[in-house]
Amino acid sequence: MSDTDTDPQAAIDAERARLADERDDRIDDHNAGDEQEGIPFVGAGPGNPRLLTVAGRELLADADLVVHAGSLVNSELLDEFCSHAELVNSVGKDLEELIPLMADAYEEGREVVRLHSGDPAIYGAALEQMDALEHEGVPTYLVPGVTSAFAASATLRTQLTLNGVANHVAFTRPQGKTLDPEDDHIAEFVGKGDVTTCIYLGTHAIPETMERLLEEGIDPETPVAVIYHASWPDEDVMEGTVATIGGVVEEAGYRASAMVVIGGAARGASDESYERSYLYDGWANGDRRADEPAESESSQSDTAEGDD
């Protein structure tokens, strides 16, 4: 190990500078899901062990050391897939401790897995660890996971995008310890009207966030769903509006993480109609364009069927 392993920021800066001038060959050599050399940064999914990917499960099965995200990873998942490995909780450990821990284990020939909650590419702080390890000569790669926004939409039995209701999805977080007020764009996303805004935050911050939205002129009747511990055994769904959801959450008394979904799609557009897609109206199958008149029955019978 070089001296930079005691200064992860220097290693991160050096790795970013290197990549600014040269393309990583592995981008051309591997696709997501491929078996690769190095330490995988695996997304554990939102909570339910069944939502761990096949690739993640296979990597955990071979692991000697699993560095995991503490209580953010369901203990049932750790018991089911990681009981054979040494488990290290990363909570409370800084990069100065984590980087040598993983690098030394890897150099000793051990199979190391870094297990993040959800998907490590979404608010996962994975890249800084990967850069620091790469600078020390330890290869790394990402293994996607199911993020909590997708678990929330499944629980709500809806889509995050709905024709005529929500054409866009925003993954965001509010101002706080990790985000300056001027970088908080939640009101801008919600205010566009056709965006499903998915906010990653703790339940304790929901009332304040809703108050800021009201102060910035967001319609108080805008639908909101809060999914506490999405896909966990103690999952709870609270529904309301920008004006009311803060009180609902406060009354529930939760103090852990939640997914906040704002917009018409949060209710499956139950209070407003959405448009059917072109996918199942004949247009996608090549029968005709949606804006063209239907052909006669006899002429249609001569048309080859498209793929389903």
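Residues numbered from 1 in each chain as written. Predicted model: local features only at pLDDT ≥ 70, side-chain atom pairs only at ≥ 80, totals over all residues. Heavy atoms only, no water.

Asker: Before we go on, may I ask you to explain the overall build of the chain in this structure?
Answerer: For the chain, the helix and strand inventory stands at 11 helices and 10 strands. Considering only contacts within the chain whose residues lie at least 6 apart along the sequence, 70% involve residues at least 24 apart. Accessible surface computed for the chain: about 16700 Å², of which carbon and sulfur atoms make up 45%. (Helix = DSSP H or I, 4+ residues; strand = E, 2+ residues; numbered from the N terminus. Contact = heavy atoms within 4.5 Å. Areas by Shrake-Rupley, 256 points an atom, 1.4 Å probe, with all protein chains shown as cover.)

Asker: It is not clear to me how the sheet that holds strand 8 (residues 223-228) should be interpreted in this structure. Could you clarify?
Answerer: The strands making up a sheet associate through backbone hydrogen bonding, with each pair oriented either parallel or antiparallel. Pairing is mixed in the open sheet, where 5 strands are placed in the order 6-7-10-8-9. Bordering the open sheet on either side are strand 6 (168-172) and strand 9 (236-241), each of which pairs with just one other strand. Along the sheet, successive strands turn relative to each other by an average axial angle of 20°, direction set aside. Relative to strand 9, strand 8 runs antiparallel, the two being bridged by 6 bridges. Its bridge partner lying in strand 9, A225 is registered against E239. (Pairing = 2+ DSSP bridges. Axes fitted to C-alpha atoms, helices over the stretch in contact; angles between N-to-C directions.)

Asker: I would appreciate a short explanation of the pattern of salt bridges in the present structure.
Answerer: If charged atoms from side chains of opposite charge come close, those side chains can pair. One pass over the full model with this rule turns up 6 salt bridges. Among the ionic pairs, E208 bridges to R212, the shortest N-O distance being 3.0 Å. Here R212 and E208 lie together in helix 9 (residues 206-215), a separation of 4 residues that amounts to about one turn. With a relative accessible area of 49%, E208 lands in the partly exposed category. Overlapping salt bridges bring together D24, R26 and E134 as one network. (Salt bridge = Lys/Arg side-chain N within 4 Å of Asp/Glu carboxyl O. Buried < 20%, exposed > 50% of the residue type's maximum accessible area, 1.4 Å probe, protein only.)

Asker: It is not clear to me how the sheet that holds strand 2 (residues 65-68) should be interpreted in this structure. Could you clarify?
Answerer: In spatial order, the strands read 3-2-4-1-5; together these 5 strands make up an open sheet with parallel pairing. Two strands close off the open sheet at either side, each with one partner strand: strand 3 (86-89) and strand 5 (140-143). For this sheet, the mean inter-axis angle between neighbouring strands, taken without regard to orientation, is 20°. Examined bridge by bridge, strand 1 (residues 39-43) and strand 5 share 4 bridges and lie parallel to one another. Paired with I39 across the strands is T140, a residue of strand 5. Helix 6 (residues 127-135) contacts strand 1, strand 4 (112-116) and strand 5 of the sheet and is inclined by roughly 155° relative to strand 5.

Asker: Teacher, can you tell me more about helix 9 here?
Answerer: Each full turn of the α-helix corresponds to 3.6 residues, which orients residues three or four apart in the same direction. Along helix 9, the residues classified as buried are I206, P207, T209, M210, R212 and L213. Packed against the buried residues of helix 9 are helix 8 (186-191), strand 7 (195-202), strand 8, helix 10 (245-252) and strand 10 (257-262). G217, located one to two residues past helix 9, shows a positive phi value of around 90°.

Asker: What exactly am I supposed to notice about the packing of helix 5 (residues 95-107) against helix 6 here?
Answerer: Two numbers describe a pair of packed helices, the interaxial angle and the distance between the axes. Between helix 5 and helix 6, the least distance of the axes is 10 Å, while the angle of their chain directions is 55°. It follows that helix 5 is oblique to helix 6 by the angle criterion. In the crossing of helix 5 with helix 6, the sense of the turn from one axis to the other is right-handed. Contacts between helix 5 and helix 6 involve L95, L98, I99, M102 and A103 on the former and, on the latter, E128, Q129, A132 and L133. Class assignment for the residues of the contact of helix 5 with helix 6 results in 7 nonpolar, 1 polar and 1 charged. (Parallel < 35°, antiparallel > 145°, perpendicular 65-115°, else oblique. Left-handed = near helix turned anticlockwise from the far one by under 90°. Nonpolar A, V, L, I, M, F, W, Y, C, P; charged D, E, K, R; others polar.)

Asker: Even after reading the chapter, I still don't get helix 6, so can you show me in this structure?
Answerer: Among the residues of helix 6, those classed as buried are Q129, M130, D131, A132, L133 and E134. Check the buried side of helix 6 and you find it contacts helix 1 (8-21), helix 2 (26-29), strand 1, helix 5, strand 4 and strand 5. In the segment just after helix 6, G137 is the residue with positive phi, at about 85°.

Asker: Is there a simple way to think about a negative patch on the surface in this case?
Answerer: Taken together, D34, E35, E58, D62, D64 and E111 make up a surface patch of like negative charges. Along the polypeptide, D62 turns up in the loop between helix 3 (54-61) and strand 2. Accessibility expressed as a relative area gives 55% for D62, which makes it exposed. (Patch = residues over 30% accessible without salt bridge, like charges linked within 9 Å, V, L, I, M, F, W, Y side chains within 5 Å. Lys, Arg positive; Asp, Glu negative; His and termini not counted. Charge placed at Lys NZ, Arg CZ, Asp CG, Glu CD.)

Asker: Just checking my understanding: could you explain the packing of aromatic side chains for this structure?
Answerer: Two numbers describe a pair of aromatic rings. These are the distance of the centres and the angle of the planes. Per the counting criterion, the structure on display carries 4 aromatic pairs. Arranged with centres 6.0 Å apart and planes meeting at 75°, the rings of F171 and Y200 form a pair that is edge-to-face. Of this pair, F171 sits in strand 6 while Y200 sits in strand 7, and the two are 29 residues apart along the sequence. For Y200, a relative accessible area of 15% puts it in the buried group. Taken together, Y123, F150, F171 and Y200 form an aromatic cluster joined through their ring pairs. (Phe/Tyr/Trp six-rings, centres within 6.5 Å; stacked < 30°, edge-to-face > 60°.)

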